[in-house]
Amino acid sequence: MNDWLTTILIFLPVAGALVVAVLPLPRYWAGSLAALVSLIEVGFWITAATKFDFGSADLQFAQQASWLSDLNVSYHVGQYAFSLWLVGATTVVMAACIVYGWWIGRERARAYFSLMLLLTGAIVGVFTAQDLLLFYAFFEAMLIPLYILIGVWGGAGRLRATLTFVIYTVVGSLLMLASIVVYGLQQGTFDLTKMGPSTSTWLFLGFVVAFAIKAPLFPLHGWLPSTYRESPAEVSAVLSGIVGKAGLYGLLRIAIPKFPTVAHDWRIVLLVLASVSLVYGSLLAWRAPDFRGVVLYSSLAQAGLIVLGLFAFNDLGLDGAVLQMVNHALISATLFLLAGMVERRTSTGELALLGGMARGRPALATIVMTTGIIALAVPLSTSFAGEFLILAGVFQQHWAWGAIGATGIVLAAMYMLRAISAVLHEDVGPAVPESALDLRAGELAVVVPLVVCLLALSAYPNLISGHAFGTNKVSSLIGVVK
Amino acid sequence: MIDAAAWVCLLLPLASAIAITLAGTRVSRRLTGYVSTITTMGAFAAAVVAFIGLLGESPEDRTHTTTAWTWLSAGPYHFGLTLLTDQLSVVMMLIVTGVGSLIIAYSLGYMDREDEERRFFAYMSLFVFSMLLLVQANNLLILLAGWGMVGLSSYLLIGFYQERPVAIAAAKKAFVMNAFGDATMALALFLLIEHTGQLDYAGVFATSPQSGTAANLIALGLLGGAVAKSAQVPLHTWLPDAMEGPTPVSALIHAATMVTAGVYLIVRCHTLFENAYIVEDLAAALGAITLVMAGLIALVQTDIKKVIAYSTMSQIGYMFVGAGLGAYPNAMFHLMTHAFFKALLFLAAGIAIHALTGEQDIRRLAGVGKLMPYTKIVFLIGTLALVGIFPFAGFFSKDSILAASLDRGWYGATIFVIGVVGALLTGLYAFRLYFVVFTGEPSPFAREHYHAHQGKEGPVSMLWTVGVLAVLSCVGGLLQFAPFWDPLSKWLDPVDAPIATATSWEEWFASGLSLSAGLLGIFIAWSIYAAKRRPAPKPVTLFEKKFYWDELYDLVWYRSTESLTRGLYAFVERPLIAGSLTAVTSAFGLGSRELSTAQNGLVRSYALALAGGIAVLAVVFLAAR
Amino acid sequence: MHGPEIQWYVILSAILFTTGALGVMLRRSPLIILLSVEIMLNAANLLLIAFSRLHGREDGQIFAISVMAVAASEVVVGLGLIVAMGRRHVDLDVDKLRTLRG
């Protein structure tokens, strides 16, 4: 039974998607079925988490079945500790987004919910695939539902946005595919747990470019603003919260462990790009004209921070990076959902037109304020814990990275406080109608669990940081790269 | 038992904050005030229990640590959620919860009938929790956590009147400046992790580098945080703006407790500072500069709260001088007495402000003392304590710092002189304030707008709390009178042995000189403002403009970042986005158009292409043979 | 074996093929192009039969008959198209007939 857990986590939503697509249910029932499936998925994940042995460094809940035997390609899935946490973030965020989609009543509900469930399965597959071609298949499989979700249910400029998004992603994926094929043929197998390290720079770059586009990192983030602005709020939440993590996970699972010497040689370049992303993203977030702009540029900054942690190549940096990946997934999902809720009340996200929404709306004010201050990594929050570990780790690479990262602390305070005040405080903005309601029960049911997870993690961030790599030793995965 | 008391002390305010937040509008506003007050008093009781417990032990045993769980870990590094109850932390706990509960009780009256009272008390409880976390932490990470949370509570409370853009701007400014301090502290912690592998006090103090660049940088980073939190030059500009918050907030956070956290940090980590003499001396220098500059600015301020705020800045300068020169118990003693009389001053001013419907301009408040005799008396007590007149509290604490400075060679002597000048200024600005506001004939405004509260000067909760503080300001100083008895120094000795202690004659000399300077200041103020023997001098523009610090920072930090961001948007982001959206698609279009010219519809060119292709294939096949 | 040597057949076939190819590429009237295609096909036929006689097997001759059948069908279609074009008074100039383009 244990071994089947991963496969269940991948294919349960897929099965749910098929059922929802086929059964001629009315909108409400399709939505409730989808929500039920996603909550069952969360339940399965909790089961997996309780059964997981955090003291062991081995792959757990693994399953393998031969697929293309003469190339040594197999269906091999399993979870390490950090994959477990990322799968957990995925299931929780997707459940929240599906419930949100149900609550606001999307058109063409059956198609919508089946696509969301398909997306869930694909993302879980990315985090658990242990075979490179399988990984690639799931990586691409994420793209199809996203393309349709944005293209059909998105905002006014959605067609251009999807086109840009798809072109960027596919270019990266093609490079990655080339790397995968060459690497797999060189090694004679595509199974990640059996492949040895390689010293080829081009293969490394093929992977890194694809992941850097996904994460995203400066300067490959050109698809970011239009896509995040035009997507429906919950799809942006998924994109920023989880799909971006797929790129970062790829760096962690494939690019760094399989190319240790190349990664070491190229670390300065990556650290520079990460630092630039951090500072650039924070500055742009500070002056972004709309709330979504603030959140999307802060995602760019956080991706930079996480890559700083990954390329610190030590326990502190990597544990911090995993913790921050989960943190950011929850935080940006909540922020995008809140952006959606504000937009539904005011028909705009422009900060200049908002303001004073705290008056008479205590629930909205409390949730926005709480999420905002966790997002800016106020000390004692879980995001501070992640940021502290990352910067302490990368500081040991060279003090300059730590110093640049420390400026991120100040910049985050600046942009987040500006955004919060622009929405909640001062005069009531021209776009805020008197009749705009406080957060209703359905909306609270979506964001409050996310906030509660964040608060619980703030009390005990060690849940993730101390249990990200078996026996808490990063060397179990990647060996210590000096 | 001590450990349990420590946890109770810490968690009661947190429970109060959470309860008030969750209860929302379901409970009455009064109730939230009572909950907040009673929990803080409960925390004070727990602190007293801890103190009594420590009293019963021998000095070597007075260090108790208790861990809840490992908060964060990574590889070989572990950081626990650990509390420390020792001589120093218990003193701070008593001050924070004691003065805190008085101020929160005061707020019951002050904030009555405010729309958002509940939010206020939730934030106040959150603040008390954060401050306790800061002083009870056993490792630098949890201290930093409390440090940041205190900054957060300050932001929430300064921006309490959230419809006012000025208040919001002040709140943001305070937070961002403190975030800068957080960043420098984080860098110091990274250095410590690199050199010692841990952040627990005991381990760090034992194994951190004893000298050299690393030691200096560590101390400098910590000093950066302390300077930001305690509003010393050059990170002081947020404090006057913070007066936008309600008066109890100014009293609790910006006088008695939060701003003194920097002093606590230096005293607690004195080992690290002693490993970096230059930085410790720098701390003293910054304190000296601040105390004079703030005193000068206070001379020309016309807002009653701003005068008291600059006075706070100046007095913390004294504490920095004390801590920076190594007279740790003296600095802590002044911290304690300052908490009493500064809170008293703010709260007494608050009674006047409350009675005159929120007016804070001293020219309009002039003469209100005639209408409010009780307030006048308590304010006078506070002012006398501030200036350091025997036997009020400030006399004992402030002079002991000056005395200790004589123990530090020529550097200390220079600072001593500055300190005496500061005493003169203190007497001058403090009594200017007293004479203008509380003596003489009431101004027309005061007469017109004064409204008594049910026959008394203010709500009962405001009056009795102020009374308690007045009593403390009278007798609090008697705790320690260095030549004769010094129980506080003896109590704190195992934790922070001073490296500068004054001899008896230094004590008398310092006391005498500073007392004379204070009296001189009072005399000058009296002759200008009370007896009106001389005309008031025209305010110096430099002082009125607060030495142009705000303008400097606006230019250097704010405007430059703004231009940088605008430049990035225009020259990097727009081309990048435009490039992505249009260039990518047009590149494909261009390529497609170029290629399609081969499909020109001419049979003959197709035939030529066929022939050419066959010829190439033939050659290839022949060659491959 | 009597008759000319094989090389003469090859040379003749090459000349014929080249003539046909040049005709296809250089002439503008579709009728002439069709004619040139026929010449190319017959050149191939000639070669097939010559080598069939050389090797003494019938395979080449059978192949040549299939080629003739294909040539005939293709001529029918081509001439039919040309006659239809002529009836509609379309200019019989291959350079002008270019509507089917990319």
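Residues numbered from 1 in each chain as written. Chains lettered and ligands numbered in written order. Predicted model: local features only at pLDDT ≥ 70, side-chain atom pairs only at ≥ 80, totals over all residues. Heavy atoms only, no water.

**So, the overall build of chain A**
When its secondary structure is counted, chain A shows 20 helices and 2 strands. Expected size for 482 residues packed as a compact globule is a radius of gyration near 23 Å; at 21 Å, chain A falls within 12% of this value. The principal-axis extents of the C-alpha atoms in chain A amount to approximately 65 × 60 × 40 Å. Considering chain A as a whole, with its 482 residues, one finds that 68% of them fall into the buried category. Put simply, 81% of the contacts in chain A that link residues at least 6 apart link residues at least 24 apart. (Helix = DSSP H or I, 4+ residues; strand = E, 2+ residues; numbered from the N terminus. Rg over C-alpha atoms; globule rule 2.2 N^0.38 Å. Buried < 20%, exposed > 50% of the residue type's maximum accessible area, 1.4 Å probe, protein only. Contact = heavy atoms within 4.5 Å.)

**What to know about the interface of chain B and chain C**
It is common to give the size of an interface as the accessible area that goes away when the parts come together. With 11 residues of chain B at the contact, the number on the chain C side is 12 residues. Roughly 930 Å² is buried in total at the junction of chain B and chain C, and carbon and sulfur atoms are behind 57% of that figure. Linking chain B with chain C are 1 salt bridge, by the criterion used here. Among the salt bridges present, the one from R604 of chain B reaches D95 of chain C, with a minimum N-O distance of 2.5 Å. In this structure, the connection of chain B to chain C is made through 3 residue pairs in polar contact (both at pLDDT 80 or more). With 6 residues, the single largest contributor to the side of chain B that touches chain C is helix α26 (residues 603–624) of chain B. The residue makeup of the side of chain B that touches chain C, split by class, is 6 nonpolar, 4 polar and 1 charged. (Buried area = accessible area lost by both parts, 1.4 Å probe. Salt bridge = Lys/Arg side-chain N within 4 Å of Asp/Glu carboxyl O. Polar contact = N/O pair within 3.5 Å; in protein donor to acceptor, adjacent residues only side chain to side chain. Nonpolar A, V, L, I, M, F, W, Y, C, P; charged D, E, K, R; others polar.)

**What to know about the interface of chain B and chain A**
Between chain B and chain A, the residue contacts involve 57 residues of the former and 62 residues of the latter. Note on chain B versus chain A: buried area summed over both sides is about 5,200 Å², and carbon and sulfur give 74% of it. Applying the counting rule to chain B against chain A returns 1 salt bridge. If you list the elements that add at least two residues to the side of chain B that touches chain A, you get β1 (64–74), β2 (77–85), α4 (117–136), α5 (140–158), α6 (165–196) and α25 (549–596) of chain B. Here the side of chain B that touches chain A takes 17 residues from α25 of chain B, the largest share from any one element. Class assignment for the residues of the side of chain B that touches chain A results in 40 nonpolar, 11 polar and 6 charged.

**Digging into the arrangement of the chains**
Among the 2 pairs of chains in contact, the pair with the most contacts is chains A and B. With no contact formed, the shortest span from any C-alpha in chain A to any C-alpha in chain C equals 24 Å.

**A closer look at helix α14 (residues 315–346) of chain A**
The end-to-end C-alpha separation of α14 of chain A is 46 Å, in line with the 46 Å expected for 32 residues at 1.5 Å each. For α14 of chain A, the buried fraction is high: 30 of the 32 residues fall into the buried class. (Expected span 1.5 Å × (residues − 1).)

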